[in-house]
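Geometric and topological summary
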Amino acid sequence: KNAFETSKIVPDVIPTAPTALIGLNYQSGAVANLGNELAPTVVKDQPTVTYDADPSAYYTLVFTDPDNYDGPEPVYREWHHWLVGNIPGNKIDQGEVLSGYIGSGPPEGTGIHRYVYILYKQPGKIDFDETRLTNKSIDGRAAFSTKKFAEKYNLGAPVAGNFYRAQFDDYVPLLYKSLGV
């Protein structure tokens, strides 16, 4: 809880801190741990995500960057990198991918960004009306709000979370190229 409040994820991304930790292990060997710094190069591939789950419940996972835009309009600040809903228990690979995974890509000169994973326990299976995005599409990812998304689908308070920080490295231009930016 303290890490989420100290880093201002509460209230920038969510109104209350989660009570459990999500495990995030990347193919590179990197592990996210409540604000440690990880280079975009080591988080470019979708991580293995672990958490304690009720096997009979459904979950939603949100991965977002609340530091995408540092201007006067907070509505543009959040950019979501991955959205998966209707995850049965902790079986992420069986969930409904709303937005494919895109690794961290903080623009050069924008400093360090927070990259936040939030898990919600759904009230039941949800019929999501979000536009489905592949991991090559940036449409609709900007001006995202985890708070509004959670309210829209009645997700309640987050049950688990984790985050790391990242800043520009040599991988970022390659990521942008793959996204057509």
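The rules behind each value
Residues numbered from 1 in each chain as written. Predicted model: local features only at pLDDT ≥ 70, side-chain atom pairs only at ≥ 80, totals over all residues. Heavy atoms only, no water. Buried < 20%, exposed > 50% of the residue type's maximum accessible area, 1.4 Å probe, protein only. Helix = DSSP H or I, 4+ residues; strand = E, 2+ residues; numbered from the N terminus. Arc of directions from axis to C-beta. Contact = heavy atoms within 4.5 Å. Core = buried A, V, L, I, M, F, W, Y, C linked by side-chain atoms within 4.5 Å. Pairing = 2+ DSSP bridges. 1 Å grid on protein atoms, 1.4 Å probe; cavity = no way out; pocket = protein on both sides within 12 Å on 5 of 7 lines; lining within 4 Å. Points joined across faces, edges and corners; volume = space filled by probe spheres on them. Nonpolar A, V, L, I, M, F, W, Y, C, P; charged D, E, K, R; others polar.

1. As for helix α4 (residues 171-178)
Among all positions in α4, only Tyr171, Val172 and Leu175 are buried. Buried positions in α4, seen along its axis, are confined to an arc of 100 degrees and lie on one side of it. Those residues of α4 that are exposed and aimed more than 90 degrees away from the buried face are Leu174 and Lys177. Residue Gly180 follows α4 closely and has a positive phi angle near 75 degrees.

2. Side note on the environment of Phe4
Looking at the secondary structure, you find Phe4 in helix α1 (residues 2-6). Overall, Phe4 belongs to the buried group, its relative accessible area being 3%. Sequence separation of Phe4 and Phe144 is 140 residues, and the distance between their C-alpha atoms is 19 Å. Aside from chain neighbours lying at most four places away, what touches Phe4 is Ile9, Val10, Ile14, Ala17, Pro18, Leu34, Val116, Ile118, Gly161, Asn162 and Phe163.

3. Considerations on the nonpolar core
By size, the foremost hydrophobic cluster in this structure holds 24 residues, and its most contacted members are Ile22, Tyr26, Val49, Leu61, Trp82, Tyr117 and Tyr164. Dropping the residues within four chain positions of it, Tyr26 is found in contact with Leu38, Val42, Val43, Asp45, Pro47, Tyr101, Tyr117 and Tyr164. Counting residues in each nonpolar core, the second largest holds 20 residues, with Val10, Ile14, Leu83 and Ile126 among its members.

4. Here we look at the pairing of strand β5 (residues 58-65)
Most of β5 sits out of view: seven of its eight residues are buried. With seven bridges joining them, β5 and strand β6 (residues 79-88) adopt antiparallel strand pairing. Along β6, the bridge assignment pairs Asp65 with Trp79. Bridge analysis of β5 against strand β8 (residues 113-121) gives six bridges, and the strand direction is antiparallel. The partner of Thr64 across the bridge, within β8, is Val116.

5. Details of the layout of surface pockets
Taken as a whole, the second largest pocket encloses approximately 210 Å³ of empty space. Around the second largest pocket sit 15 residues that line it, and Asn68, Trp79, Gly105, Tyr176 and Leu179 are the ones nearest its centre. Only β6 and α4 provide two or more residues apiece to the lining of the second largest pocket. Here the lining of the second largest pocket is built from residues that sort into 10 nonpolar, four polar and one charged.

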